[in-house]
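# Architecture and fold: a report
If you want the building blocks of each chain, they are given just below.
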Amino acid sequence: PGRLLVPCPIPPMDLLSERFEAVRISEGVKIPVGFLKTKTSLTVPANSKVHLLLDNGKLTTGYLSLLFSRGKNAEITIAYAEALYEGKELGTTKSYSFPAKGNRDEVEGKRFIGYEDKVIADGGEGRDFTTLWWRTWRYVDLTISTADEPLVLEDVYGTFSAYPFRCEIAFSAPGHDELNKMLEIGWRTARLCANETYMDCPYYEQLQYFGDTRIQAMITLYNTHDAYMVKNAIEQGRQSVVADGITMSRYPSSLHQFISSFSLWWICMGHDYWMYRGDEAYMKTLLPAYRGVLSWYEQWLKRDHSLGYVPHWFFADWAVGFQSGEPVREKDGNSAFQDLVYILTLESAAEMERAFGIPSIADHYTQIASAIRGTIREKYWDATRGLFADTYDHRSFSQHVNSLAILAGIVTGEEATRVMERTLNDSSLIQATIYFRYYVHQALKVAGMGDHLLDNLQIWRDQMALGLTTWAEMPEPTRSDCHAWGASPNIEFFRILLGIDSNAPGFKSIRIAPSLGDLKEVSGTMPHPVGSVTASYKLDKKGKLTARLILPTGTDGVFVWKGKEYQLKSGEQVLTVE
């Protein structure tokens, strides 16, 4: 029947006028006062060439418009870049080589590399060229070569376009301005990586990868009341399922690609949505798709209760030591990373099946997870190092596997704390990059070490020092300067530092267990399905904490401090605890 029209599940995109901040380089023409800031004409003489480097001051996405007149047969080239590049040397990672960019604020002596639009002027009056699709830029390289007639450039401006998220958080930590700066950069990154779908990056692929999307959805749930985009992403994962039973790595896309680990994170993303927004009637419709994914995985389960070598691209992180981003595995699988992610997903799916699905399927998932769990220590634990190895042969160790072991509850209590301390302090381990720090920080909290969150933000501090206005895909050298999987501080400043988390499906009960680190005063407000949650803390010199907490109507909760629990009710309450 062809393609049928259906109601759009998301609102229309934002369209907001945006002005460039400065001309950083000008060649061949004198810049008039007010140019860029307002509609101010610049005349390019006949038979001449003008080059302008325009700086937006921060990365953006949108439609670029050029208003011009006359200049018949003039060539106008508009090129777009996230940053300028240094020299001719390539930076190298295990998987890719990229030109180095250096400080993003610096332009002198650097190269411009970027895609471009080209316009040929027809000599008419009042011409308006606007890009046919939105572009991504901090810098725009504008080159105009005229023929026998002058060209009058009447205006250059952008129209910002992205999904219409509204930031609904507040955060204050007096004397720690960098934390608010991180939130600002993270929010901009999240916005630019969301258009009609979430996407990995706005400049390059513009594709909704479900491993990235799980983190992006959590940013949405912690920073906005919006549920349309999260639900839309979950639904598109279902639409991507192929006959084998697994999702594509990314969707929508006409080019099929499979990252088998991302099918598991897609199920976990659904569990997140259930815990923070509820919507059980919809979630129940997803259970057949979840069963398909987990049935596909079950065929790779070996007799020794470990997964074999799971096919397709089993992406883990762009870590040095992970070939093509995959965890260290043996030819027969024997991979702690695979087994632990599988356990976490089985248990998430079992919770949903037990709550609103088929209890016997929940029992089946729990039995598989328990069987695998019972062998993890025997297979992967290295008593000499006090860490879990990546494989049976114990040839490598990573922050990734040890963080997952903590999240899966393979180690608990004081043992989990010791494992986490070694995970953070042993530099011989394969180190997590910006993407997988999301899971490292969750493990930090579970291990009772949330107070160390602020000590583990160096990756973000390094990027701020380089003038980045959005978080990059990976540590330098990086391809993309804008990857929302790096915006996890926009979750963890609320979930770990302020300690606000869901304690029941639909966020109907709230658990507040702050991890203040060295902070003596901090406060924040975040959205909740039926209102907002506020937490404000002051710690005196004697270690006495005053906590002002506001829970939305119809909810209850628990406050946890130094191992003691205090019951909370809806409305405002003030606790003073030692």
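Each remark here, short or long, concerns the structure printed above.
Report on the accompanying structure. Numbering of residues starts from 1 in every chain and runs along the sequence as written. Side-chain atom pairs in this predicted model are given and counted only at pLDDT of 80 or more, local residue features only at pLDDT of at least 70, and totals for whole chains, interfaces and linings cover all residues. In computing side-chain properties, one takes all heavy atoms of the structure into account and sets aside hydrogens as well as water.

## Details of helix H1 (residues 177-192)
A rise of 1.5 Å per residue sets the reference length of H1, with its 16 residues, at 22 Å; its end C-alpha atoms lie 23 Å apart and thus fit the reference within 8%. Burial in H1 covers these residues: Leu179, Met182, Leu183, Ile185, Gly186, Trp187, Arg188, Thr189, Ala190, Arg191 and Leu192. What counts as a helix is a DSSP run of H or I of at least four residues, what counts as a strand is a run of E of at least two, and both are numbered from the N terminus. What a helix should span is 1.5 Å times the count of its residues minus one. Only protein chains enter the accessibility calculation, which uses a 1.4 Å probe; a residue is then buried when its area is under 20% of its type maximum, exposed when over 50%, and partly exposed in between.

## Considerations on the nonpolar core
With 148 residues, the main nonpolar core has Phe493, Tyr537 and Phe559 as its most contacted residues. The contacts of Phe559, once residues within four sequence positions are left out, are Ile512, Pro514, Tyr537, Leu545, Ala547, Leu549, Lys564, Glu565, Tyr566, Leu568, Leu575 and Val577. Take the buried residues of types Ala, Val, Leu, Ile, Met, Phe, Trp, Tyr and Cys, join any two whose side-chain atoms come within 4.5 Å, and each joined set is a nonpolar core. By size, the runner-up hydrophobic cluster in this structure holds 27 residues, among which are Ala74, Val119, Leu142 and Tyr203. Residue contacts are defined here by distance: any two heavy atoms, one from each residue, within 4.5 Å place the two residues in contact.

## Some words on unusual backbone geometry
At the junction of Tyr251 and Pro252, the peptide bond is cis and its omega measures out at 0° in the coordinates. Relative to the elements of secondary structure, Pro252 occurs in the loop between helix H3 (228-239) and helix H4 (260-277). Cis geometry marks the peptide bond from Glu476 to Pro477; its omega dihedral reads -5°. Within the fold, Pro477 resides in the loop between helix H11 (458-465) and helix H12 (489-497). Phi is positive for Arg70, close to 60°, though the residue is something other than glycine. Within the secondary structure layout, Arg70 lies in strand E4 (residues 49-70).

## Notes on the packing of helix H8 (residues 399-407) against helix H10 (residues 437-446)
Across the interface, H8 lies against H10 with an axial gap of 8 Å and an inter-helix angle of 45°. Between H8 and H10, the angle falls in the class oblique. Every pair of crossing elements has a handedness; the one defined by H8 and H10 is left-handed. Judged by residue contacts, Gln399, Ser403, Ile406 and Leu407 of H8 engage Arg437, Tyr439, Val440, Gln442, Ala443 and Val446 from H10. When the residues that make up the contact of H8 with H10 are grouped by side-chain class, the tally is six nonpolar, three polar and one charged. All axes are obtained by fitting lines to C-alpha atoms, using only the stretch in contact for helices, and the reported angles, taken between N-to-C directions, cover 0 to 180 degrees. If an angle is under 35 degrees, it is roughly parallel; if it is over 145, roughly antiparallel; if it lies from 65 to 115, roughly perpendicular; otherwise it is oblique. Should the near helix be turned anticlockwise from the far one by less than a right angle, the crossing is left-handed, and should it be turned clockwise, the crossing is right-handed. For this scheme, ten residues count as nonpolar: Ala, Val, Leu, Ile, Met, Phe, Trp, Tyr, Cys and Pro. Four count as charged, namely Asp, Glu, Lys and Arg, and the remainder, Gly too, count as polar.

## Overview of the pattern of salt bridges
Each reported salt bridge corresponds to a side-chain nitrogen of Lys or Arg within 4 Å of a carboxyl oxygen of Asp or Glu. In this structure the tally under the stated criterion is 33 salt bridges. The salt bridge involving Lys181 is made with Glu184; its shortest N-O contact spans 3.9 Å. Taken together, the residues span about one helical turn, with Lys181 and Glu184 both in helix H1 at a distance of three residues. Taking relative accessible area as the criterion, Lys181 reaches 39% and is therefore assigned partly exposed. Classification of Glu184 by relative accessible area gives partly exposed; the value is 38%. The shortest N-O distance in the salt bridge between Lys544 and Glu578 comes to 4.0 Å. Placement of the pair is Lys544 in the loop between strand E20 (531-539) and strand E21 (545-561) and Glu578 in the segment after strand E22 (564-577), with a sequence separation of 34 residues. It is possible to trace a salt-bridge network through shared partners that takes in Arg24, Asp55, Asp105 and Arg138.

## Structural notes on the pairing of strand E18 (residues 509-512)
When DSSP finds two or more bridges between two strands, those strands count as paired. Note that strand E17 (residues 500-502) and E18 share three bridges and pair antiparallel. Bridge assignment links Asp501 to a residue of E18, and that residue is Arg511. Connecting E17 to the antiparallel partner E18 that follows it, the hairpin turn spans six residues, and Gly506 within it adopts a positive phi of roughly 75°.

## Structural notes on the pairing of E21
Here E18 runs beside E21; their pairing, made up of four bridges, is parallel. Pairing of Ile512 across the sheet is with Phe559, part of E21. Where E20 lies against E21, six bridges are found, and the strand directions are antiparallel. Pairing of Ser536 across the sheet is with Arg548, part of E21. Hairpin connection, E20 to E21: the antiparallel pair is bridged by five residues, and Gly543 has positive phi, about 85°. As paired elements, E21 and E22 share 13 bridges and run antiparallel to each other.

## Concerning the environment of Arg479
Mapping Arg479 onto the fold places it in the loop between H11 and H12. Along the chain, Arg479 and Lys101 lie 378 residues apart, while their C-alpha atoms are 9.5 Å from each other. Every residue in contact with Arg479, bar those within four places of it in the chain, is listed here: Glu82, Phe98, Lys101, Asp200, Cys201, Tyr204, Glu205 and Glu473. In protein, a polar contact means a hydrogen-donor-capable atom and an acceptor-capable atom, both N or O and within 3.5 Å, with residues adjacent in sequence counting only if both atoms are side-chain atoms; elsewhere, any N or O pair within 3.5 Å suffices. Side-chain polar atoms of Arg479 contact the side chain of Glu473, separated by 3.2 Å.

## Overview of the packing of H1 against H12
Where H1 contacts H12, the two axes come as close as 8 Å, and the packing angle between them is 130°. Viewed along their axes, H1 and H12 adopt a mutual orientation that is oblique. Of the residues in H12, those touching H1 at Leu179, Met182, Leu183, Gly186 and Trp187 are Pro489, Asn490, Phe493 and Phe494. Of the residues in the contact of H1 with H12, the class split is seven nonpolar, two polar and no charged.

## Observations concerning the environment of Pro202
Relative to the elements of secondary structure, Pro202 occurs in the loop between H1 and helix H2 (210-223). The contact partners of Pro202, leaving out residues within four places of it in the chain, are Thr61, Trp134, Thr136, Leu192, Cys193 and Cys482.

## Re the packing of aromatic side chains
Note on aromatic pairs: the rings of Phe, Tyr and Trp (six-membered ring only in Trp) are paired at centre separations within 6.5 Å, and the planes decide the class, stacked below 30 degrees, edge-to-face beyond 60, tilted for the rest. This model, assessed by the stated rule, comprises 36 aromatic pairs. Relative to Tyr203, the ring of Tyr115 lies with its centre 4.5 Å away and its plane at 25°, an arrangement referred to as stacked. Placement of Tyr115 in the loop between strand E9 (110-111) and strand E10 (116-120) and of Tyr203 in the loop between H1 and H2 is noted, with a sequence separation of 88 residues between them. Owing to a relative accessible area of 9%, Tyr203 belongs among the buried residues under this scheme. Pairing Phe559 with Tyr566 gives two aromatic rings, centres 6.3 Å apart and planes at 45°, and the pair type is tilted. Residue classification places Phe559 among the buried positions, given a relative accessible area of 0%.

## Quick notes on the environment of Gly175
Relative to the helices and strands, Gly175 resides in the loop between strand E14 (170-172) and H1. In the structure, Gly175 is positioned 75 residues away from Ala100 in sequence and 33 Å away in space, judged by C-alpha atoms.

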